[in-house]
Amino acid sequence: MNSTDPRKSLAKNGVFKFVFFSYCIILVLLGLFFAFIYEDQEWVPYLGNQFEFLGGLICGILLWIGVVFFSILGGYKFLRTFILGTIFCLLAFVGLFRFTEMDGDMIPKFSPRWVDSTQTTREIKPEENTSVLTSNWTFPQFQGPNRNCILTNIPPISTSWVAKAPEVIWIKPVGESFSGFVIQDEKAFSIAQDAENPENESVFCINFYTGETLWSHSYQSRLDAGLGGIGSRATPLIYDQKVYFLGGTGIFTCVDLTTEKIIFQFDSKEKFGAKIPEWGFAGSPMVYKNRIIIAPGGGQASATLVALNPASGDVIWQVGNKNVSWSSPAIKQINGKDYLIHLDAESVEIRDPLSGKLILDIPWGLGFPQVSIPILSKDDHLIVSSGYSVGASSYSIFADESNGGSDYKIKRIWKTKRLRSKFAPLLIPPSNPDLVLALNDGVFAGFEASSGKRLFQGERYGHGQFLLISKKDLLIQTEKGALVLLDISGKEPVEKAKFEVFKSKTWNPPAVVGNYVLMRNHRNMALVRLPVPDNSSSNKSEKL
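Predicted model only: the values in this text are computed from it and were never measured. (Residues numbered from 1 in each chain as written. Predicted model: local features only at pLDDT ≥ 70, side-chain atom pairs only at ≥ 80, totals over all residues. Heavy atoms only, no water.)

### Considerations on the packing of aromatic side chains
Piece 1. Summed over all chains, the structure comprises 19 aromatic pairs.
Piece 2. A centroid spacing of 6.0 Å and a plane angle of 45° characterise the contact between Phe189 and Trp215, whose relative ring orientation is tilted. Of the two residues, Phe189 is situated in strand 5 (residues 187–193) and Trp215 in strand 7 (residues 213–220); the sequence distance between them amounts to 26 residues.
Piece 3. With a centroid separation of 5.1 Å and 90° between ring planes, the pair formed by Phe208 and Tyr209 is classed as edge-to-face.
Piece 4. Exposure remark for Phe208: the relative accessible area of 0% places this residue in the buried category.
Piece 5. Over the aromatic face of Phe423 sits the side chain of Lys422, whose NZ or CZ is 5.6 Å from the ring centroid.
Piece 6. Over the face of the ring belonging to Trp507 we find Lys505, whose NZ or CZ atom lies 4.1 Å from the ring centre. (Phe/Tyr/Trp six-rings, centres within 6.5 Å; stacked < 30°, edge-to-face > 60°. Helix = DSSP H or I, 4+ residues; strand = E, 2+ residues; numbered from the N terminus. Buried < 20%, exposed > 50% of the residue type's maximum accessible area, 1.4 Å probe, protein only. Lys NZ or Arg CZ within 6 Å of the ring centre and 35° of its normal.)

### Quick look at the pairing of strand 18 (residues 347–351)
Piece 1. Within strand 18, five of the five residues are buried, which leaves it mostly tucked inside the rest of the structure.
Piece 2. Of the two faces of strand 18, the one carrying Ser347, Glu349 and Arg351 and the one carrying Val348 and Ile350 are both buried.
Piece 3. One ladder, built from four bridges, connects strand 17 (residues 337–343) with strand 18; its direction is antiparallel. What sits directly across from His342, in strand 18, is Glu349. (Pairing = 2+ DSSP bridges.)

### Points about the nonpolar core
Piece 1. Trp161, Phe444, Leu474, Leu475, Leu483 and Val528 are the most contacted members of the largest nonpolar core, which has 58 residues in total.
Piece 2. Once residues lying within four places of it in the same chain are set aside, the contact partners of Leu475 are Trp161, Gln465, Phe466, Leu467, Ile469, Leu483, Val484, Leu485, Val512, Val517 and Leu530.
Piece 3. Within the second largest apolar cluster, 16 residues are counted, among which are Ala234, Leu246, Cys254 and Phe266. (Core = buried A, V, L, I, M, F, W, Y, C linked by side-chain atoms within 4.5 Å. Contact = heavy atoms within 4.5 Å.)

### Some thoughts on the side chain of Ser268
Piece 1. Tracing the sequence through the fold places Ser268 in helix 5 (residues 268–272).
Piece 2. A distance of 2.8 Å separates the side chain of Ser268 from the backbone oxygen of Gly250, its partner in a polar contact.
Piece 3. Leave out the neighbours within four places in its chain, and Ser268 touches Leu246, Gly250, Gly273, Ala274, Phe281 and Pro296. (Polar contact = N/O pair within 3.5 Å; in protein donor to acceptor, adjacent residues only side chain to side chain.)

### Describing the sheet that holds strand 21 (residues 381–386)
Piece 1. Pairing is antiparallel in the open sheet, where four strands are placed in the order 20-21-22-23. At either margin of the open sheet sits one strand with a lone partner, and together these are strand 20 (375–376) and strand 23 (408–416).
Piece 2. Pairing of strand 20 with strand 21, which is carried by two bridges, proceeds in the antiparallel orientation. Looking at the pairing, Ile375 lines up with Ile383 of strand 21.

### Focus on unusual backbone geometry
Piece 1. Residues other than glycine seldom take positive phi values, yet Gln143 does so here, at roughly 70°.
Piece 2. Mapped onto the elements of the fold, Gln143 is located in the loop between strand 2 (108–112) and strand 3 (167–173).
Piece 3. According to the relative accessible area criterion, Gln143 is buried, its value standing at 11%.
Piece 4. Despite not being glycine, Glu260 has its phi angle at roughly 65°, a positive value.
Piece 5. The topology assignment puts Glu260 in the loop between strand 10 (251–256) and strand 11 (262–267).

### Section: the environment of Pro140
Piece 1. Structurally, Pro140 can be placed in the loop between strand 2 and strand 3.
Piece 2. For the pair formed by Pro140 and Thr235, sequence separation is 95 residues and the distance between their alpha carbons is 9.7 Å.
Piece 3. Not counting residues within four places of it along the chain, the set of residues in contact with Pro140 comprises Pro145, Val182, Ile183, Pro236, Leu237 and Ile238.

### So, the pairing of strand 32 (residues 516–520)
Piece 1. By the criterion of burial, strand 32 is predominantly enclosed, with five of the five residues buried.
Piece 2. Residues of strand 32 alternate between two faces, with Tyr516, Leu518 and Arg520 on one and Val517 and Met519 on the opposite face, all of them buried.
Piece 3. One ladder, built from three bridges, connects strand 31 (residues 511–513) with strand 32; its direction is antiparallel. Note that in strand 32 the partner of Val512 across the bridge is Val517.
Piece 4. Between strand 31 and strand 32, which pair antiparallel and follow one another directly, the connecting turn spans two residues, one of which, Gly514, has a positive phi of 60°.
Piece 5. Connecting the antiparallel pair strand 32 and strand 33 (residues 524–529) is a turn made up of three residues.

### Considering the pattern of salt bridges
Piece 1. Under the definition given, this model contains eight salt bridges.
Piece 2. Across the salt bridge formed by Arg351 and Glu349, the nearest N and O atoms sit 3.0 Å from each other. Glu349 matches Arg351 in its accessibility class, with the two residues each being buried.
Piece 3. Here Arg420 ties to Asp441 by a salt bridge, and the two come within 2.6 Å at their closest N and O atoms. Taken as a pair, Arg420 in the loop between strand 23 and strand 24 (435–440) and Asp441 in the loop between strand 24 and strand 25 (443–448) lie far apart in primary sequence, 21 residues in all. (Salt bridge = Lys/Arg side-chain N within 4 Å of Asp/Glu carboxyl O.)

### Here's the deal with the sheet that holds strand 28 (residues 473–477)
Piece 1. Read across the sheet, four strands follow the order 27-28-29-30 without closing on themselves; strand pairing throughout is antiparallel. A single partner strand is all that each edge strand has here, and the edge strands are strand 27 (465–468) and strand 30 (494–500). For this sheet, the mean inter-axis angle between neighbouring strands, taken without regard to orientation, is 20°.
Piece 2. Pairing of strand 27 with strand 28, which is carried by four bridges, proceeds in the antiparallel orientation. Bridge pairing in strand 28 links Phe466 to Ile476. (Axes fitted to C-alpha atoms, helices over the stretch in contact; angles between N-to-C directions.)

Structural measurements only, silent on function.
Set out below in structure tokens:
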């Protein structure tokens, strides 16, 4: 009695062939769909670059399932071979590649195991060690002298980096941290895990021109934020010949720049009853009228924000019981008066910087990290933006006349999901006061400050940082560690030049003095000299 193999009969079935080819077409269309979404960005108001990874993952899984299902036609021997081949490929991948880090979109990155992830150290040549820093060429705090990413003392920078490229003066390894540098008197200061003892945190000073360590102070402290990485997020502050550091677990340190000794040091957890936030103590310290202001966080001691005596560390005022996020406090002028603005884990707080008194509390966020410092438009409208699908809003702040004008009220002007500043700052260039610049989920974009309308969308630079170094030149540090010079004077930005410095994730904010850029990430630090036009001297700067 002859028997027919049901698999062969199934293979000859026209319906089955139709299903098979339909499945293949659907996979192709799905891949094209995700590619379209990734390029257009209009369809992804929430996840942005994560669609590229998510789309590839979904298509890959569906393809594997389809091959397994349809390979049954080839017999179970073929199916067994296919599954064993899949296991072999996975083991080969694990053997040949290693997980290195998560990027700003929480997408895993891998690198070949035979490639060294560290970069070669390069020492400066003796004849290059020429002092050019002038007394006004300082970078004393997070985001520059005015804490707004706008620099006014930068000489004209050459835009032809092919003919005259930037020069890497030195590159050296550094302990893990996402802190930036501050600079004064040919010295630079930062904070990192101790390279020799990673369980210790270290505040340190280096020679600006050589990268040589001049002094350091270490203490037991280690912040491990899991996928977010290891080390402090806060950039130091230089004030009155002292430098102030806030460590990842809340250790606050003040060092005398003359004696190089610690003046005072305390643990914010013990002093204020604060708990370590999910991403550590990340707010960079600031100064206002002889008050050092830090953001330890809420808790029983009520210390969302604290003002300290700069000489002793004694508390002048401490206020608030809300948890902090990644954002730093800043001073902004509203109707000609200074106010302390702070984006915490739950809201935007507006306070009197002298007393800490709460003026306004604007609910904001969805429980995810909040990073970008809110900014003010030309109409004194407060613009707030966060990533993780939160978006952005603009608020008008005005006096409450029904209460004699002593209190303030807010009115929302606009709201959009298209402006999502996750890690990078928000910036309104003085030359175009109705333009808001942002890295919108990693894509450089411009928005109308008065309406929230998107004006342009440029290149993807990842979750990096940027500084305005002239009326028209924006210097971007990409998430992958490159420097990009953009001309923002037209209707849309024009990329003038690009130069690779690092080869790994770079979240740390850069510091710029003169035509020098001091960069670092969680592995390396480097000094880069930007080229200047031949007819330009290094001590001339373009006023904003």
